[in-house]
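Take a look at the letters that make up each chain.
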2 protein chains.
Amino acid sequence: MNNSAASGAAPAPRGRIRRENETRILEAAERVFAETGLAGATMAQIAQAAGLPKANLHYYFGTKEQLYQAVLTGILELWLDATDMIRPESDPAEAISGYVRAKMRHSRHRPLASKVFANELLSGAPFLTDYLEIDLRKRVEAKSRIIAGWIAEGRMAALDPRHLFFMLWGMTQTYADFAVQIRAVMEVESLSDAAWEEATAEVVAFVLRGCGMSTSAASAAPAGAAR
Amino acid sequence: MNNSAASGAAPAPRGRIRRENETRILEAAERVFAETGLAGATMAQIAQAAGLPKANLHYYFGTKEQLYQAVLTGILELWLDATDMIRPESDPAEAISGYVRAKMRHSRHRPLASKVFANELLSGAPFLTDYLEIDLRKRVEAKSRIIAGWIAEGRMAALDPRHLFFMLWGMTQTYADFAVQIRAVMEVESLSDAAWEEATAEVVAFVLRGCGMSTSAASAAPAGAAR
DNA sequence: GTCTATAATACGATAGAC
DNA sequence: GTCTATCGTATTATAGAC
C-alpha cells in the first residue's frame, strides 16, 4: 500500500522504517496488553491496532511472548527512574513530594505502561520475578535506608519506609490503572489539565501530612488549595 | 464419581448439590479470572480448578460471560458494604480508621475478589458501567458529604473527600492486587498474621496523619510502634 | 444431573508469492 | 521487507449417551 520502501530489501537511511514499524507495533501492543494482559491479548488485535498484517508482528518480534517481553522491558526502564530524587542530602519533603509528582506524571502520561505492569503483577508476575526480587528489592532497600535516616533525625514521622512505598505506589498508580473508576466518580469523560493538577496537589498534601511534614509549605506551591 | 445424587434428577433435600457445585465453580472461576481476567481465562482452566468436566460449567452458568457476571455480582455485594462505618454521627478518626481496617481485611481475606475487580477496571470495566456510574458514584457522593461536614467543623484536614477515597482504595487494594510485589520486597513467601497487622497499623497511622487526625491515639492501639 | 465426544470457530505461527 | 493464504492447535459451546 505504501510506496516509500516497497519491493526491495534496503530501507531508507538504514533501518529507519524498521524502527518506525517496531515502535508502531510496540505502541499498539502496549495498548492491547494494557487492557487484557498477555493471556487475553491476541496478535490479531495488536496487528489491527498497529495497522499492519499479523505476519509482520511475527517477523519483527517472533512470538507473542517475545513481543510482550519487549513491551515490558521498555516499561521497566521508565519505572526504575522515578526514585532517583530520594537522596540522603535531599530535603525530605521536597524529595518525597517530588517522587509523588513524578509518579503522578507517569500515571497521567504513560497510563498504558502502568496498566501493563498492573496486569503483569495481577497474574503473578511470571515475567518479572528477576525485576521484583533483585532490582526493585534492592532499590527499595537503598531508598528505605535513606528514609529511615530522616526518621532517625526526627525530620519525619516514624513509619516503615517499605510500607510508605507500597502506599505511594498504590495511591499514584490508581490514577492510571483505575482511571475508569475515577472518571465515573468525578463524572467526567477524561481528566482535564486542571483536574490532574488538583489530584496531584491532593495526593502530595496528603502524603506530606501522612509523613508528618505538613507544616512548611510543600515546596512547589500546589495550586489546589483554594477550592 | 460421587454417589449421593447420581442417575436421577431430584437432589438430596432440594438443590443441595446444585448449590455446592455452583459455589465450587464460582470459587474456581474467581481464582482463574483473578489471574488473567475475562479475556485470558479459559473454561478448561476453570473446570480443572473446580475438579469438574467443562460441560458442567456450561450446564450451570451458560456462557463464559455469564459465569463472569455471576462472579462479579458476588464481589460487588462485598464491595459496597465497607463504607457503612462512615456516618455523620461517627467520630471521624474512628470511622476512617475503621474503614481502612475493613478494606485491609478484604485485601487479606478476599484477595481474589479484589483482583477480579482490578482486572475488570483495567480492561475498561465493560461489565461495571452501571455499578461505577450509579451505585458507586452515589455512595461516594453521600460519604463525601459526611466527610466535608467533618472538615467544615474543623475536625480533620481540608481535602477533597473523593480523592481521599481514591487514595484509600489504592493504598489498601495494593496489598491484594500487587501482593506479589509486596512479598518480593519484604522477602517472604506470604504475609504472616503479624505482618498483616503491622501493614494495617502502618496504613491506618499514615491515613490518620494524612487526614490531620494524628494526635489522639488511633483507637485500637496499633501494635507496630516498637520496631 | 453428569460427562465424553465433537462441532464450529479463533488463535498463534509460518510458508511462500510478491 | 511485505502480506495473503493456510496449517495445526486451542477454545467455546453443545449434542447425546449414560
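Structure report, in brief. Since the structure is predicted, the reported quantities are computational estimates derived from the model, not experimental observations.

Overview of the protein's contact with DNA strand C
Working step 1: The environment of DNA strand C is made up of 19 residues, and the closest members are Met43, Lys54 and Lys64 of chain A together with Asn21 and Tyr60 of chain B.
Working step 2: Of everything in DNA strand C that lies within 4 Å of the protein, sugar and phosphate atoms constitute 62%.
Working step 3: The separation between a phosphate oxygen of DNA strand C and a polar side-chain atom of Asn21 of chain B is 3.0 Å.
Working step 4: In the model, a phosphate oxygen of DNA strand C is placed 2.6 Å from a nitrogen or oxygen of the Tyr60 of chain B side chain.
Working step 5: Elements that contribute at least two residues to the surface near DNA strand C include exactly helix 2 (43-50) and helix 3 (54-61) of chain A together with helix 1 (16-40) and helix 3 (54-61) of chain B.
Working step 6: Considered class by class, the residues forming the surface near DNA strand C number ten nonpolar, six polar and three charged.

Considerations on the interface of chain A and chain B
Working step 1: Between chain A and chain B, the residue contacts involve 54 residues of the former and 54 residues of the latter.
Working step 2: Taking both sides of the interface into account, the surface hidden between chain A and chain B amounts to around 5,000 Å²; carbon and sulfur atoms contribute 69%.
Working step 3: There are two salt bridges connecting chain A and chain B.
Working step 4: Here Glu187 of chain B ties to Arg137 of chain A by a salt bridge, and the two come within 3.3 Å at their closest N and O atoms.
Working step 5: At the boundary of chain A and chain B, one finds eight residue pairs in polar contact (both at pLDDT 80 or more).
Working step 6: Elements represented by at least two residues in the side of chain A that touches chain B include exactly helix 1 (16-40), helix 6 (111-122), helix 7 (129-152), helix 8 (161-177), helix 9 (179-186) and helix 10 (193-210) of chain A.
Working step 7: When residues of the side of chain A that touches chain B are assigned to their parent elements, the largest contribution, twelve residues, is made by helix 8 of chain A.
Working step 8: Of the residues assigned to the side of chain A that touches chain B, the class counts are 30 nonpolar, twelve polar and twelve charged.

About the thresholds
Residues numbered from 1 in each chain as written. Chains lettered and ligands numbered in written order. Predicted model: local features only at pLDDT ≥ 70, side-chain atom pairs only at ≥ 80, totals over all residues. Heavy atoms only, no water. Near = heavy atom within 4 Å. Polar contact = N/O pair within 3.5 Å; in protein donor to acceptor, adjacent residues only side chain to side chain. Helix = DSSP H or I, 4+ residues; strand = E, 2+ residues; numbered from the N terminus. Nonpolar A, V, L, I, M, F, W, Y, C, P; charged D, E, K, R; others polar. Contact = heavy atoms within 4.5 Å. Buried area = accessible area lost by both parts, 1.4 Å probe. Salt bridge = Lys/Arg side-chain N within 4 Å of Asp/Glu carboxyl O.

Keep in mind that these numbers describe shape and distance, not what the molecule does.
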